[in-house]
Structures are given as C-alpha cells and as structure tokens.
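# Breakdown of the fold
Residues per chain are reported as follows:
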Number of protein chains: 2
Amino acid sequence: MSNFDRLIEFIRSEVNKSLKNLKLPNKPTYLYQPIRYAIDAKGKRFRPILAHLSGRSTNVDPDALMNISLAIELLHSFTLVHDDIMDNDTLRHGKITIHEKWDSSTAILAGDGIYTLAQIVLNDLPENINKISKYFNKTTLEICEGQALDKEFEHDKNVTEDMYLDMIEKKTGALLGASAVLPAIYNGEKGKLIDSYEQFGRFLGKGFQIHDDILELTADSQIMGKSLGSDITEGKQTLMVIKARNEYPDKWNDIISSSGNQEQFNNICKFFKKTGILEESRSIANSYFNYSIDILNNLEGVNTYELVQLVELIKKRNH
Amino acid sequence: MSNFDRLIEFIRSEVNKSLKNLKLPNKPTYLYQPIRYAIDAKGKRFRPILAHLSGRSTNVDPDALMNISLAIELLHSFTLVHDDIMDNDTLRHGKITIHEKWDSSTAILAGDGIYTLAQIVLNDLPENINKISKYFNKTTLEICEGQALDKEFEHDKNVTEDMYLDMIEKKTGALLGASAVLPAIYNGEKGKLIDSYEQFGRFLGKGFQIHDDILELTADSQIMGKSLGSDITEGKQTLMVIKARNEYPDKWNDIISSSGNQEQFNNICKFFKKTGILEESRSIANSYFNYSIDILNNLEGVNTYELVQLVELIKKRNH
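What you see is a predicted model; the values in this text were computed from it and never measured.

The next subject is the overall build of chain A. Regarding its fold elements, chain A presents 16 helices and 2 strands. A globule of 319 residues ought to have a C-alpha radius of gyration of about 20 Å, and chain A, at 20 Å, matches this closely. Along the first, second and third principal axes, the C-alpha set of chain A runs to 60 × 50 × 40 Å. Within chain A, the fraction of its 319 residues that count as buried is 61%. In chain A, the proportion of contacts linking residues at least 24 apart, taken out of those at least 6 apart, comes to 75%. For chain A, the computed accessible surface area is about 13200 Å², with 47% contributed by carbon and sulfur atoms. Positive and negative side-chain charges of chain A, numbering 38 and 45 respectively, have mean locations separated by a distance of 4 Å.

Here is the structure:
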C-alpha cells in the first residue's frame, strides 16, 4: 500500500468514525433508525475525502475540515435516500434502500432529517459559518435542479449530449465542486484560487458521473452494491444512450424495445462495445479527469499533489 | 374592521407579496413549477404573522423580521408538502396537493427545494445568522421528530393523552415557539425573556393543534380547504380519539369498525358531541391558549398587547 493509499484509508476511517459518533437520540425510532441505517452504510466517502485533501492543500484547520466533510457527506446521503425513492432503486451500497426496507414515508422523513443534520453539523463550525452555509445551500438547490432535469429527461428522446452534460454538472458536479472549494472558502481564500478549486471539482464530478454510467454496464453488481442497468430501461439518459440514439436510431430502437431482462442488458452492453460508443464515452470521462488535473497544475502556491493522486485513483476505479 | 384586524391583514398581504417576489428561476420546470404552486397557495400565514407581532414587541428591524418570517413560512410549507405525501392528503388550502397534481417524486423534490430556499432566505439576514440558523435547524429536527411520532402512533391503541400532547408539541408547538422566539433571539435578548417567548409559542401551538383537530370535525370542508375527517379513519390520534377509546372502548370500537364513509363521519361527530368529549377537548385547547396569555401577561418591559390579541383571534377561528 502506498503512502497515498494509506492516507485515503485513514481519512475514510476517520470520516466513518465521525459519522458513527454523530450523536443521535434513539427515539422516535421511526426517524432515527433509518437515519442511522443510511449514515452507517458503507459509502466510498469520495466527497469528504476530496474535501479533506483540498483542505490539506490550503492548510485548513482539521476540525473545521471534518465538520465541512461530514456536512457534505450528509447532504450526499440525503439526496441518495430521496433519489432512491424517486428512481425506485432497491439496493444502495449493498444494502436494501430505506423506502424498500421500510416504506416511502419513512424514507422521505429520514432524508429530511439527514439534511437537517447536515445543517446542524455546519452550524458547529467555529467561524465563517455564513459564507460556508450560503455556498452549501446554493449547492443543494443546484443538486435539486440536477435531479429535476434527470427526471424531466426520462424517456425524452430529444435530450442532447450538451443537455446531459449540463444535468450531470448540476446533479454530480456541483457537490464535488463544493467539496473542493468549501475548505478554501472557509480559509478566506478569494478570487482565482476559489474559482479554480470549484472548477476542478466540477470537472472531476462530470468525469466521475460519466465513468459511473459506464460502470453501471461493465462492473459486477455485487461489487457495486446496487442493481445495474435498470437506469437505461427506465429511460434514464447517459452519454452512451444519447450517442446510440443519434448514431444508430433503428438498431437502438430495436434493442430497447425488447423486454427489460438480462438478455436485453447483455445486448445493450455488447452494442456499446461493438459500436465503440463505450470507448468514446470512456475517453470523454478521461478528458474531464484531465481537465481537472490541468486546473490543479496551473495553480500556484498550493501543493496539489494529493488532489492529482485522488483524480488518478477515481479515474481507475472499477466499482 | 378593528385596528388590529387591519394590522393582521397588512402583515398577511406583505408576507404574501414577499413570497410572490421570491426570485425563482423558471427552469427546470419539474422543480420550480410545483415550488411556485406551493408558495403561492393561500395559507393563513399564522406563523409569519406571529413572528412579525413578536418582533414588533421587541422592536426588531422590519427587514430582518421579514427574512425570519419567510424562512419560517417556507419551512412550514416544506413540511406540509412532504406530510401530504406521507398522509395521502389530496387537498390543501383549497388546492390539489402536489403529489396528487403531479406525483410523489415531484412533491419530494419540491419539498426539498422549498426547505433549501428557507435556508437561503435565512442566509440573507444582515447579522446573527449563526444563532438564528442554529435555532431554526434544531426546530426542523424537532418537527421531523413530531411527524415521526405522528406516523408511529397511527393505529396504535396504546397512545395516551400525554404521548399525544408530546407529539403535537414537537409537530406544531416547536414551529410556533420558533416563530415567537426567533425575533427576540435576533435582537440579542437573553434569559427569561427568551424562555418565555418560546414557551408562549409552544402553548399557543398546542392549543392551535387541538383546536385544529376539532375543526377537522366541525368546520365546513370547503372553507377549510381540505378534506375533513379522513385522519380519524386513517388511524391518526387526536385527544378526542384517545378519550373515546379510553372512556367508551366498546362503543368507540363499533363506530370506527364501520366502513369509512360520510355516515361514519357523522356518527363520530355526534358521538363526540353527545359524550361531551368535544367540549372537553375544546376546553383543553382553551387552557393552552390561556396559559400562553398568562406568560405574556407576566412579561415585563415589553408590549405584548398585539400578541394577546393574536391568541384571541386564533382561539376564535372557525376554519
């Protein structure tokens, strides 16, 4: 294990510890049991890790950094709990989703509670709460917009690649941008540095999401901890779907018109491979990863070595 | 129209104007159309009116007061949108509920967006944001707890009057307490005054909720702008239901075992009247209203005349 890998493992375990130590009452069970269930799920914690590495690059106070990281992870968890209801997803991080294990009402309320906890954690910052809180809430609204676009786009055959890229920038890019920039905002940084950190995170987020769409098709569902491929049959847009629809309209129509079973899923994967659409998408994801590294390399006066390493790690992930 | 009535009308119209003027993008339609729909609904605006009158009693800056009031009303609106999904309610303020007009996913996301807007409005306060935000988020978590208890209590025949009173203190009392105390917190008041304002609002909230349960049975559904009585057949607890179950177990069992139609609804109303349970509950609501006035009367150095008038107005409401 390299030094960097050890660092990542250390941050992840510290984040998990802090999430576990988050003081929650036991009652009402209806509220706190599913909240505990969601918070204790084995997430990859990429966002808090990104926030920690970003904060290390500008020497942010570690305690404040943990507050920011936890609030970000809680915000992320809240969106997952609600998105899973909206998308009828039954598996997340290898665990049954809340609305499936309990019911939709329980999951709605648990999500509300988790977002409220994110705000409460932010309120515990020793200073600069207002600036951080403003950015945090602006980010949440943008994520809501991204989720709204994702829902609007379902089964819409007129969605273009640009519309898709705009949607994932809001849905995924905004929170990675926030994870990258909030520590710098907390430290009182201004101007170009702030813009660069945000843009770095947004590019990373777009690469991350396109890569994620590919993993939905190529990864092992047990390793991914969620059911795969269902997004496409449910009319979700990805770069690959849009390319297939535009470049091979008849063929694509045939494939998705068949019933949504394992055979169809296999046919979709084969089709994306054969036509080169899979490779093309992978290369677009890599461009975004490379853009994000370019931004880091152009930054002066901060040590971005660890952030570059993180991009490389994310780029290589296979689940 | 009395001076006081004119004041209330003025505040209500100013609150409505500020809600209308809340700058929202038009797109994505999926997010902002239902949010606009919820915000523009004709609510009674009791909570922002309470906040305004409370702030007038301690001379809070009117602009800050409007920020606090709007955030409170938005928080209230968010809880209604989500509660209506959880409780399958189809009518609210005389309008079809969001999950019924669109669908549950739309309503979940709209609620999330409205709560985020509440936070954004709070962030615009010129000062004391941290203190206000802390109290605001603590209140939201308590409201979530109240809603959790409300859901837990459904169809539970062991719920006592004390458990019910605790539930409504969280679900309704906490937000009226916040409406009453946040202006004073903003003004930097401390100690007894803060405790008194909060307690005043909580008592008012409990009276308000018990009164509301009675109006569910006795008011005109068209004037109330929502379908009435369905709560009881859906197993919701009210003081009257608990009293009936404890004092007349067999009779009550007969009544609620019949099919949930208009006749059953009429029988429930008649039963509560005949047994005196309706009057008893009304008198408990009035006790809470009176407690809240007692607290105001014991406050020194602040002019609570308008707040007392507001309690009298709420006590007399028939829809």
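On we go.
What follows deals with the relation of the copies chain A and chain B. Once turned by 180 degrees and shifted 0.0 Å along the axis, chain A lies on chain B with an RMSD of 0.0 Å. The symmetry that links the two subunits is that of a two-fold axis. Most of the interface of chain A is mirrored in chain B: 100% of its interface residues are interface residues there too.

All names here are of chain B. Along the chain, T160 turns up in the loop between α7 (129–153) and α8 (161–186). Along the backbone, T160 and R245 are 85 residues apart, and their C-alpha atoms lie at a distance of 10.0 Å. Within polar-contact distance, the side chain of T160 engages the backbone nitrogen of M163 at 3.1 Å.

Each partner contributes residues to the interface: chain A has 37 residues there, and chain B has 37 residues. Between chain A and chain B, roughly 3200 Å² of surface is buried when both sides are summed, and carbon and sulfur atoms account for 70% of that area. Remark: the boundary between chain A and chain B carries 0 salt bridges. Counting every contact that joins chain A to chain B gives 12 residue pairs in polar contact (both at pLDDT 80 or more). Elements represented by at least two residues in the side of chain A that touches chain B include exactly α2 (29–39), α4 (62–86), α6 (104–123) and α7 (129–153) of chain A. Among the elements that make up the side of chain A that touches chain B, the one with the highest residue count is α7(A) (15 residues). Residue composition of the side of chain A that touches chain B, grouped by class: 18 nonpolar, 12 polar and 7 charged.

Attention shifts here to the side chain of B:R12. Structurally, B:R12 can be placed in helix α1 (residues 3–21). What B:R12 contacts, discounting residues up to four positions off in sequence, is B:K44, B:R45, B:F46 and B:I49.

A word on the packing of helix α4 (residues 62–86) of chain B against α7(B). The axes of two packed helices give the description: the angle between them and the distance between them. Residue and element names in this part refer to chain B. One way to put it is that α4 packs onto α7 with a least axis distance of 12 Å and a crossing angle of 20 degrees. With respect to α7, the element α4 is oriented roughly parallel. The two elements α4 and α7 meet at a crossing, and its hand is right-handed. Of the residues in α7, those touching α4 at I68, A71, I72, L75, F78, T79, D83 and M86 are I132, F136, T140, I143, Q147 and K151. Here the contact of α4 with α7 is composed, by residue class, of 9 nonpolar, 3 polar and 2 charged.

Under the defined criterion, the tally for this structure stands at 46 salt bridges over all chains. Salt-bridge contacts for A:E145 lead to A:K170; the nearest nitrogen and oxygen are separated by 3.0 Å. Here A:E145 is found in helix α7, whereas its partner A:K170 is found in helix α8 (residues 161–186), with 25 residues between them in sequence. Each member of the pair, A:E145 as well as A:K170, carries the same accessibility label: buried. Among the ionic pairs, B:E161 bridges to B:K243, the shortest N-O distance being 3.0 Å. Of this pair, B:E161 sits in helix α8 while B:K243 is found in helix α12 (residues 239–247), placing the two residues 82 residues apart along the sequence.

In this section: unusual backbone geometry. Cis geometry marks the peptide bond from A:K27 to A:P28; its omega dihedral reads 0 degrees. Inspection of the secondary structure assignment puts A:P28 in the loop between α1 (3–21) and α2. One non-glycine residue, A:R45, lies in the positive phi region at around 60 degrees. Overall, A:R45 belongs to the buried group, its relative accessible area being 7%. With phi around 55 degrees, B:N88 is a residue other than glycine that occupies positive phi space. Mapped onto the elements of the fold, B:N88 is located in the loop between α4 and β1 (91–92). Residue class for B:N88 comes out exposed when judged on its relative accessible area of 53%.

Glancing now at the packing of helix α9 (residues 192–218) of chain B against helix α16 (residues 305–316) of chain B. Residues and elements named next belong to chain B. Orientation of α9 relative to α16, taken along the N-to-C sense of each, is 15 degrees, at an axis distance of 10 Å. Classed by the angle they form, the pair α9 and α16 counts as roughly parallel. As α9 packs across α16, the resulting crossing turns out to be left-handed. Residues Y197, F200, L204, F208 and H211 of α9 form the contact with α16, whose participating residues are L307, V311, I314 and K315. Partitioning the contact of α9 with α16 into residue classes produces 7 nonpolar, 1 polar and 1 charged.

Quick look at the packing of aromatic side chains now. Going through the model one piece at a time under the given rule, you end up with 21 aromatic pairs over all chains. An aromatic cluster is built from A:F78, A:Y115, B:F78 and B:Y115, whose rings are joined through pairwise contacts. Sitting over the face of the ring of A:Y37, A:K95 holds its NZ or CZ atom 3.9 Å from the ring centroid. Taking the ring centre of B:Y135 as reference, the NZ or CZ of B:K138 above it sits at 4.5 Å.

Here the focus is the environment of A:Y305. Its place among the elements puts A:Y305 in helix α16 (residues 305–316). A:Y305 sits 179 residues away from A:P126 along the chain, and the two C-alpha atoms are 28 Å apart.

This brings us to the confidence of the model for chain A. Counting all residues, the mean pLDDT for chain A is 94, and 97% of those residues have values of 70 or more. In the predicted complex, the global pTM is 0.96; the interface-specific ipTM is 0.96.

So, on to α9(B). End to end, α9(B) covers 38 Å across 27 residues, agreeing with the expected 39 Å (1.5 Å per residue, within 8%). Extensive coverage of α9(B) is indicated by the burial of 22 of its 27 residues.

What follows covers the state of the cysteines. By the definition in use, this model includes 0 disulfides over all chains. You can see A:C144 has no disulfide; the closest cysteine sulfur is in B:C144, sitting 15 Å from it.

Rules of the game
Residues numbered from 1 in each chain as written. Chains lettered and ligands numbered in written order. Predicted model: local features only at pLDDT ≥ 70, side-chain atom pairs only at ≥ 80, totals over all residues. Heavy atoms only, no water. Helix = DSSP H or I, 4+ residues; strand = E, 2+ residues; numbered from the N terminus. Rg over C-alpha atoms; globule rule 2.2 N^0.38 Å. Buried < 20%, exposed > 50% of the residue type's maximum accessible area, 1.4 Å probe, protein only. Contact = heavy atoms within 4.5 Å. Areas by Shrake-Rupley, 256 points an atom, 1.4 Å probe, with all protein chains shown as cover. Lys, Arg positive; Asp, Glu negative; His and termini not counted. Charge placed at Lys NZ, Arg CZ, Asp CG, Glu CD. Least-squares fit on C-alpha atoms with pLDDT ≥ 70 in both. Polar contact = N/O pair within 3.5 Å; in protein donor to acceptor, adjacent residues only side chain to side chain. Buried area = accessible area lost by both parts, 1.4 Å probe. Salt bridge = Lys/Arg side-chain N within 4 Å of Asp/Glu carboxyl O. Nonpolar A, V, L, I, M, F, W, Y, C, P; charged D, E, K, R; others polar. Axes fitted to C-alpha atoms, helices over the stretch in contact; angles between N-to-C directions. Parallel < 35°, antiparallel > 145°, perpendicular 65-115°, else oblique. Left-handed = near helix turned anticlockwise from the far one by under 90°. Phe/Tyr/Trp six-rings, centres within 6.5 Å; stacked < 30°, edge-to-face > 60°. Lys NZ or Arg CZ within 6 Å of the ring centre and 35° of its normal. pLDDT = per-residue confidence, 0-100. Expected span 1.5 Å × (residues − 1). Disulfide = S-S within 2.5 Å.

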